[in-house]
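Secondary and tertiary structure notes
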Amino acid sequence: MIPLPSTKKHKFLAPLSLLNFVYSSAASMSSNTSVAAPAASCNAVFNNPAHQIGLGTYLMEKSQVRSAIRSALEIGYRRIDTAPVYFNEDAVGDALLEAIQEGIVSRQDLFIVSKLPCPMHRHVELAVKKTLSDLRLEYLDLYLIHWPVAFYYKEGMVQFDKRGYDNEDIDDSANGSRIDPTVSIHETWASMQELVRKGLVRHIGVSNFPVMLLHELLSQGKEPLPVINQCEAHPYLQNTKLMAYCNHRNIHFQAYIPLGASPSSEESVLLLQDAAIINLASKYKATPAQICIAWALQRGTSIVVKSTLVEHQQDNWNASKLTLEDEDMEAIARLNYNYRFFRPEEWWAAAAMAVFN
């Protein structure tokens, strides 16, 4: 058995809401003249080997971004996963522009993902235009509602006379006191849909949505519908029922932190040191990380995995060539302890609720 989650606070991202959190209408914005190319099927995108494994940029220092993205692109990565609350989108944009200008990759071959910050649920188009400015792009391939909860927006939070952000206010719930309980998820989604119609993004989706919220979001049936639900998933948290529901509703399920917490984190539970994973790594002459990635791909998910070291990026990329035997897939399935490394109920203080349970 693994130990119970610690009680320490995690400053990761904004937490989830329950179904009764409502979101208010987005402000009207002028349309952008740059129009994204026609969207291909998202299932086709994630079945493409070049997009099954995406490079994550969460917790990537700005000083690491240029070399990390360059080496990843040279290896073959084409999907880059970003978010404003990673506070490095400006550095990511500089790295992408340099790679395109030098002919390492074309914009058409890239699949760039970003996410809607919690204070921007009333200002969706403003948010995506800020991200596009920071990333030096004319459109995004995929834009996600990062967490289904809104924070109060503060005037001046988004500035276009400078790239990036001066502070971390867009990721600060102030122990739950900045959560805005007056917003409807349907209204936020309607604003997301407008981004597709205006050509600012090609696909839209969600992140960290449990079944109840997905069911409610899909109840109106208006297109475009979410093409993806990006959630924490790894052998210790397999999210089997959520994944089955997503598959049933034709929503691609994508896993973040597929390797669990980094050994350099304060987390006491380390997936890559699990005896079962280490034994399989020995059997396949692979790394523990490769076993976890191969398992994720083989069960039908795509992944987001962060690495700044070229050797780790290469190892992660090569994991797609590994095929695990059925008995070994079953052995990993037995590791499902429902253990979360991202625990939103720890981030809200008095407003805490175990929304995933």
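For the structure given in this document, a descriptive report is provided here.

Conventions adopted
- Residues numbered from 1 in each chain as written.
- Predicted model: local features only at pLDDT ≥ 70, side-chain atom pairs only at ≥ 80, totals over all residues.
- Heavy atoms only, no water.
- Buried < 20%, exposed > 50% of the residue type's maximum accessible area, 1.4 Å probe, protein only.
- Helix = DSSP H or I, 4+ residues; strand = E, 2+ residues; numbered from the N terminus.
- Pairing = 2+ DSSP bridges.
- Right-handed = clockwise from strand over helix to strand, strands pointing away.
- Core = buried A, V, L, I, M, F, W, Y, C linked by side-chain atoms within 4.5 Å.
- Contact = heavy atoms within 4.5 Å.
- Phe/Tyr/Trp six-rings, centres within 6.5 Å; stacked < 30°, edge-to-face > 60°.
- Lys NZ or Arg CZ within 6 Å of the ring centre and 35° of its normal.
- Axes fitted to C-alpha atoms, helices over the stretch in contact; angles between N-to-C directions.
- Parallel < 35°, antiparallel > 145°, perpendicular 65-115°, else oblique.
- Nonpolar A, V, L, I, M, F, W, Y, C, P; charged D, E, K, R; others polar.

**Quick look at the pairing of strand β1 (residues 53–56)**
The two faces of the sheet receive side chains in turn, since in a regular strand these alternate between them. Taking every second residue as pointing to the same face, both faces of β1 are buried, with Ile-53 and Leu-55 on one and Gly-54 and Gly-56 on the other. Examined bridge by bridge, β1 and strand β2 (residues 79–81) share two bridges and lie parallel to one another. Note that in β2 the partner of Gly-56 across the bridge is Asp-81. Taking the sense of rotation as the criterion, the β-α-β connection linking β1, helix α3 (residues 62–75) and β2 turns out right-handed.

**Details of unusual backbone geometry**
Here the amide bond leading from Glu-223 into Pro-224 is cis, since omega sits at 0°, within 30 degrees of zero. As for its position among the elements, Pro-224 is in the loop between α7 (211–218) and β6 (228–232). Positive phi outside glycine occurs at Phe-87, with the angle close to 55°. Checked against the element boundaries, Phe-87 lands in the loop between β2 and α4 (89–101). Unusually for a residue other than glycine, Asn-250 sits at a positive phi of about 60°. Structurally, Asn-250 is set in the loop between α8 (240–248) and β7 (252–256). Residue Asn-250 is classed as exposed on the basis of its relative accessible area of 55%.

**A few points about the nonpolar core**
Formed by 101 residues in total, the largest nonpolar core has its most connected members in Ile-69, Leu-140, Tyr-143, Met-192, Ile-291 and Leu-324. If you tally residues by element for this core, the top one is helix α10 (residues 288–298), at eight residues. The contact partners of Met-192, leaving out residues within four places of it in the chain, are Leu-116, Val-124, Tyr-143, Leu-144, Ile-145, Ile-204 and Gly-205. In this structure, Phe-46, Val-113, Leu-142 and Ile-228 belong to the second largest nonpolar core, which totals seven residues.

**Examining the packing of aromatic side chains**
Under the defined criterion, the tally for this structure stands at seven aromatic pairs. For the ring pair Tyr-58 and Tyr-86, a centre distance of 5.2 Å and an interplane angle of 55° mean the geometry is tilted. Here Tyr-58, found in the loop between β1 and α3, pairs with Tyr-86, found in the loop between β2 and α4; they are 28 residues apart in sequence, far enough to count as distant. An identical accessibility class is assigned to Tyr-58 and Tyr-86; each is buried. For the pair Tyr-339 and Phe-341, a centre-to-centre distance of 5.1 Å together with 70° between the ring planes defines the contact as edge-to-face. For the residue pair Tyr-339 and Phe-341, the accessibility class agrees, reading buried in each case. Ring pairs connect the aromatic residues Tyr-58, Tyr-86, Tyr-256 and Phe-342, which therefore count as one cluster. Sitting above the plane of the Tyr-139 ring, Arg-107 keeps its charged end 4.2 Å from the centroid. Stacked on the ring of Tyr-165, the Lys or Arg Lys-130 has its end atom at 5.2 Å from the ring centre.

**Here's the deal with the packing of α4 against helix α5 (residues 124–135)**
At their nearest, the axes of α4 and α5 sit 6 Å apart, and the two run at 50° to each other. Relative to α5, the element α4 lies oblique. Contact residues: Glu-89, Asp-90, Val-92 and Gly-93 in α4; Thr-131, Asp-134 and Leu-135 in α5. Tallied by class, the residues present in the contact of α4 with α5 amount to two nonpolar, two polar and three charged.

So, to be careful, I would describe these as geometric facts and stop short of saying anything about function.
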